[in-house]
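# A closer look at the structure
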Amino acid sequence: MPILNPPASLVAELTHRCPLHCVYCSNPIEMAKRESELTTPQWLDVIEQAAKMGILHLHLTGGEPTLRDDVVELTRHARKLGLYTNLITSGVGVNEDKLKQLCDAGLDHVQLSFQDSQEITANEYAGTKAHLLKIKTAQMIRTLPLAFTLNIVIHRENISRLNEMIALSETLGADRIEIAHVQYYGWAFKNRGRLIPTLEQVKEANTIIQNAKERLKDKVRIDFVLPDYYAKFPKPCMGGWGKTVMLIDPAGRALPCHSAMVIPELEFDSVTEKPLQEIWANSTSFNQFRGEAWMKEPCSGCERKTQDFGGCRCQAQMLAGDASATDPVCSLSNQRASVQNEVETAMASTPTSWTYRTL
Amino acid sequence: MSEPIHARIPKLIRNCRLNQTSTDAVLLMPEGALKIKGSGKDVIELCNGTLSVQEILAQLKKRYPQVKATQIEIEAIEFLKLLREKRAVDF
Ligand code: SF4
Ligand code: SF4
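To start, this report covers the structure provided alongside it. (Residues numbered from 1 in each chain as written. Chains lettered and ligands numbered in written order. Predicted model: local features only at pLDDT ≥ 70, side-chain atom pairs only at ≥ 80, totals over all residues. Heavy atoms only, no water.)

### Focus on the site of ligand 2
Rule in force here: Nearness is judged by heavy atoms alone; a residue qualifies as near a molecule or strand once a single heavy atom is within 4 Å of it. Three classes are used: nonpolar for Ala, Val, Leu, Ile, Met, Phe, Trp, Tyr, Cys and Pro, charged for Asp, Glu, Lys and Arg, and polar for all others, with Gly counted as polar.
Close to ligand 2 lie Phe233, Pro234, Pro298, Cys299, Cys302, Arg304, Lys305, Asp308, Gly310, Thr326, Cys330 and Leu332 of chain A. Per-class residue counts for the shell around ligand 2 are seven nonpolar, two polar and three charged.

In structure tokens:
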């Protein structure tokens, strides 16, 4: 047995509660209710175990993590144990006081997402009046000594305003801009018919991003996540299953990725029952797709398997109905035509109404 | 980019920090982490946004008089480039 390294990061989904209802939210359709959320002592313990295992990064996310009253306490605890702490927030419901407290507690990095550059549509995609509040939050973040990443999520309906969104991020003083095409999980999967961009849009966005990278070279870092259904090869999902990331959902279930619950054959262990290290090393859900033994053709004989690990297991489940299949996004997959089909159907259909994320 | 590397001023990006455990040091940054060995720590400390590469090299030579100057130059510049590539320092 090769030695199993600890994951580099722990993603702590503190709560699924969120003031927003984004049409592309990647949270599972079946979300954890407030009553089932872990308690403060339980989270403190999980963080302590994570640090002992040698995990380096803690991502506090949700839902909206600042809805938990203990977010400051958890941050302080993590930082005291040497973890790098990252808060992923919608920017709604977090006031200046809370931000300052988080900063004093040692928070290192904040990630704030924007839906659009213009208010009306931004609020439409978020299902609530969030845009102006987000701008306020961004301004508050910038007055504090925090590393600040602004996330822009693009899709068919807002992609034409990518330039304006980049300009907004610049104005708000982000250190880094992460531009990602919507990935079709959770609620986004339900809304994908309206979200999938056209090929022309994808190409145009690539050019805009290249130009922005060039122009902002020494000022702002820009990272870009390609649109899934248009790529030739799949993304190395989660940096490999059970390899670099461990996610704890609000109820304490340990997941190899945020969407793993779509795979019916998996059983998840809970931090309320087992130590973190034991789950990481022995739980069936983490071991199921670790390494390469589970792979089928064409992945098993493909030289890219050490780079992309056969793509995303959840996508294989959702599109091919088989979690061990080659990610259907891959051009070598015999299911690739079904992805093409998805795209074409989406293009041909008249937009239906959004399905908003609700708890 | 055109000016020679010696004149450039490396600066650790915002909220990168060095974490020292009993056994080793890790540079923690927003998008990852980097194991740091030996004198790497000195180089990182000196990336404070005021010293040029030239000045950093001079400092390192003072701190490590037992090491050959050319070796320090080669290794430190290589390390700085690695840090830039990993996006831990800007210069
Ligand atoms: S994507 Fe939107 S709805 Fe989902 S957790 Fe983030 S802010 Fe909340
Ligand atoms: S066949 Fe499998 S390993 Fe090869 S590129 Fe496609 S998904 Fe990756």
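What follows continues from the structure just given.
### Remarks on the interface of chain A and chain B
For the record, the criterion: Here a residue-residue contact requires only that any non-hydrogen atoms of the pair lie within 4.5 Å. Here the quantity called buried area is the accessible surface, traced with a 1.4 Å probe, that two parts lose on coming together, added over both. A pairing counts as a salt bridge when a side-chain nitrogen of Lys or Arg comes within 4 Å of a carboxyl oxygen of Asp or Glu. Side-chain atoms alone can form a polar contact between residues adjacent in sequence; in general such a contact is a pair of N or O atoms within 3.5 Å, and within protein one must be able to donate a hydrogen while the other accepts it. Put simply, DSSP marks the helices as runs of H or I at least four residues long and the strands as runs of E at least two long, and each gets a number from the N terminus on.
In this complex, chain A contributes 19 residues to the contact, which on the side of chain B involves 14 residues. Taken together, the two surfaces of chain A and chain B that pack against each other cover about 1,400 Å², and 45% of this comes from carbon and sulfur. Residue Asp223 of chain A pairs with Arg87 of chain B through a salt bridge whose shortest N-O separation is 2.8 Å. Our count for the contact surface shared by chain A and chain B stands at 11 residue pairs in polar contact (both at pLDDT 80 or more). Only β3 (84-89) and β7 (221-225) of chain A provide two or more residues apiece to the side of chain A that touches chain B. Partitioning the side of chain A that touches chain B into residue classes produces eight nonpolar, four polar and seven charged.

### A look at the sheet that holds strand β1 (residues 9-13) of chain A
Residues and elements named next belong to chain A. As a reminder, the rule being used: Criterion used throughout: strands pair if DSSP finds at least two bridges between them.
Overall, mixed pairing links the nine strands, which are arranged β7-β6-β5-β4-β3-β2-β1-β8-β9 in an open sheet. Of all the strands in the sheet, just β7 and β9 (254-255) have a single pairing partner and so form its edges. With six bridges connecting them, strand β4 (residues 109-114) and strand β5 (residues 147-154) associate as parallel partners. Each residue of the ladder has a partner; that of Leu112, found in β5, is Leu150.

### Focus: the pattern of salt bridges
For clarity, the cut-off: For the exposure calls, accessible area comes from a 1.4 Å probe over protein chains only, and a residue counts as buried if that area is under 20% of its type's maximum, exposed if over 50%, partly exposed in between.
Applying the stated rule across the entire model yields 27 salt bridges over all chains. With a closest N to O distance of 3.0 Å, Glu170 of chain A and Arg215 of chain A form a salt bridge. Residue Glu170 of chain A is located in helix α6 (residues 162-171), and its partner Arg215 of chain A is located in helix α9 (residues 199-215); the two are separated by 45 residues in the primary sequence. Owing to a relative accessible area of 25%, Glu170 of chain A belongs among the partly exposed residues under this scheme. The partner of Lys274 of chain A in a salt bridge is Asp269 of chain A, and the shortest N-O contact between them spans 3.1 Å. For Lys274 of chain A, a relative accessible area of 31% puts it in the partly exposed group. Since its relative accessible area comes to 16%, Asp269 of chain A is described here as buried. Through salt bridges with shared partners, a single ionic network connects Arg176, Glu178 and Asp223 of chain A together with Glu31 and Arg87 of chain B.

These figures come from the coordinates and say nothing about function on their own.
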